[in-house]
Amino acid sequence: LKLAVLVEDRVKRELPTCRFLSTLDDPGEEDDQGPRTAMPSTEQDRRETLQRNLGSVDFCIAVGHDGAVVQCAGLFEKAVPPVLPLALHHQGIMTRVKHDAAEAMLSEVVSEGFHLGMRIRLRCEFYSFKTGESQVIHALNDLVIDRGPSPFLTSVECYCNDRLITLVQGDGLIIATPTGSTAYSQAAGGAMVHPDVPCVLFTPLNPHSLSFRPLVLPNSVTLRMQLTPTARSVAWVCFDGRHRQPLGQGDSLIVTVAHWPVPIIQTNKEDWVDGCNAFLSSMVRDFVSRFKLRPAL
């Protein structure tokens, strides 16, 4: 049995004696066109090499916290292999298995099989008016539009299936998946949604309106955001906390649910409610103890 283990660059540097490790952008020794020994020289070359290497991956292990799972899913532009989340220090909502139980968990996965929880992703297509080019980025948690360093309110038009929903005037907007509903969206007042519910969350950030409330939309919608002609400054957009870039006049952002979800390996004992209770202490309230009178002196 021949296995290839791909890791981040820093992991390989920290484990120099493990010669069986390869980095994600390692060009490898050879392919159908012959030997490949030169490292990628440009960002496009690195991206192509990365996707070529990831195309042969059958199984992923994300060690850390929930952010490690988000980062792992962000590497794949198309289909994502099963991901086993392992908690390094503290357990999260997705990372329910501690790293010291990894050997037992892997043995169970190989011998007995496993359950998969499918987590939907957002496909975000960013169109730049200046360059005329578009960029596609996938997000497992959310995308956030905010005002950045500007003192002015954001002024963003939001369309659902080419029909105007609202004009966002405030600090910004969060478009989240059910997985991301327990992250920034939840902190901004959005609903907490079970990951098996096929939907998209539409959560405002400090809206300058008493009637703008969080929305839950079906996963079949197409959302489009763009600045209003009267916007006083650019807005800023980021995807799962990365790829931060300005949203200027003429730019547009089109969001749909991606065709390729993220399969998360789950144990039989796992439950989303248990994860929320353990990580967020949700649905839990301390009982008020009964007042007791002190005995008279």
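All figures in this text were calculated on a predicted structure; none of them were measured in a lab. (Residues numbered from 1 in each chain as written. Predicted model: local features only at pLDDT ≥ 70, side-chain atom pairs only at ≥ 80, totals over all residues. Heavy atoms only, no water.)

**Examining the overall build of the protein chain**
A tally of helices and strands in the protein chain yields 6 helices and 20 strands. Across the protein chain, the fraction of contacts at a sequence separation of at least 24, relative to all contacts at a separation of at least 6, is 61%. Entry remark: accessible area of the protein chain is about 17,900 Å², with carbon and sulfur atoms responsible for 53%. (Helix = DSSP H or I, 4+ residues; strand = E, 2+ residues; numbered from the N terminus. Contact = heavy atoms within 4.5 Å. Areas by Shrake-Rupley, 256 points an atom, 1.4 Å probe, with all protein chains shown as cover.)

**A few points about helix α3 (residues 66-74)**
When we look at burial in α3, the residues that qualify are Asp66, Ala68, Val69, Val70, Cys72 and Ala73. Its buried side turned inward, α3 meets β5 (60-64), β6 (83-87) and β20 (262-266). (Buried < 20%, exposed > 50% of the residue type's maximum accessible area, 1.4 Å probe, protein only.)

**Let's talk about the nonpolar core**
Ranked by size, the top nonpolar core spans 30 residues in total, and within it Leu143, Ile145, Ile175, Leu223, Met225, Leu253 and Val255 carry the most contacts. Beyond its immediate stretch of four places on either side in the chain, leucine 223 contacts Tyr159, Cys160, Ile165, Ile175, Val200, Phe202, Leu217, Leu253, Ile254 and Val255. By size, the runner-up hydrophobic cluster in this structure holds 17 residues, among which are Cys60, Val69, Ala73 and Val262. (Core = buried A, V, L, I, M, F, W, Y, C linked by side-chain atoms within 4.5 Å.)

**A few points about helix α6 (residues 272-280)**
Regarding α6, the residues found buried are Trp272, Gly275 and Cys276. Along the axis of α6, the buried positions cluster into a sector of 100 degrees, meaning they face one direction only. At the exit of α6 stands serine 281, carrying a positive phi of roughly 55 degrees. (Arc of directions from axis to C-beta.)

**So, the confidence of the model for the protein chain**
Of all residues in the protein chain, 87% have pLDDT values of 70 or greater, and the mean over the chain is 85. Ignoring residues within four places in sequence, the model shows residues 30-37, a span with pLDDT below 50, making 10 contacts including any to other chains. (pLDDT = per-residue confidence, 0-100.)

**Examining the side chain of glutamine 245**
Locating glutamine 245 in the fold gives a position in strand β18 (residues 242-247). By relative accessible area, which is 14% here, glutamine 245 ends up buried. Excluding anything up to four places from it in sequence, glutamine 245 contacts Phe126, Gln135, Ile137, Ala235, Trp236, Val237 and Phe239.

**Considerations on the packing of aromatic side chains**
In this structure the tally under the stated criterion is 1 aromatic pair. Seen in terms of ring centroids, phenylalanine 202 and phenylalanine 212 are 6.1 Å apart; in terms of plane orientation they differ by 40 degrees. Their pairing is tilted. Within this pair, whereas phenylalanine 202 is found in strand β14 (residues 199-207), its partner phenylalanine 212 is found in the loop between β14 and β15 (215-218), the two being separated by 10 residues in sequence. Each member of the pair phenylalanine 202 and phenylalanine 212 is classed as buried. (Phe/Tyr/Trp six-rings, centres within 6.5 Å; stacked < 30°, edge-to-face > 60°.)

**Regarding the pairing of strand β13 (residues 163-176)**
Strand direction decides the pairing type here: strand β11 (residues 142-146) and β13, joined by 5 bridges, are antiparallel. Bridged to leucine 143 within β13 is isoleucine 175. Sheet topology note: the strand β12 (residues 154-160)/β13 ladder contains 7 bridges and is antiparallel. Bridge pairing links cysteine 158 to threonine 166 in β13. The hairpin turn running from β12 into β13, its antiparallel successor, is 2 residues long, and asparagine 161 in that turn takes a positive phi close to 55 degrees. Relative to β14, β13 runs antiparallel, the two being bridged by 6 bridges. When the bridges of β14 are listed, glycine 170 appears paired with proline 207. (Pairing = 2+ DSSP bridges.)

**Some words on unusual backbone geometry**
Positive phi values are uncommon outside glycine, yet aspartate 162 reaches one of about 65 degrees. Tracing the chain through its elements places aspartate 162 in the loop between β12 and β13. For aspartate 240, which is not glycine, the phi dihedral falls at a positive 55 degrees. Turning to its location among the elements, aspartate 240 is positioned in the loop between β17 (235-239) and β18. A relative accessible area of 14% means that aspartate 240 is categorised as buried.

**What about the pairing of β11?**
Buried residues dominate β11, accounting for 5 of its 5 residues. Side chains Asp142, Val144 and Asp146 project from β11 onto one buried face, and the interleaved Leu143 and Ile145 project onto a second face that is buried too. Across 4 bridges, the pairing between β11 and β17 is antiparallel. Within β17, the residue paired with aspartate 146 across the bridge is tryptophan 236.

**What about the environment of tryptophan 272?**
In this fold, tryptophan 272 is placed in helix α6. Exposure remark for tryptophan 272: the relative accessible area of 14% places this residue in the buried category. Leaving out residues up to four positions away in the same chain, tryptophan 272 has contacts with Ile93, Thr182, Met192, Val193, His194 and Pro195.

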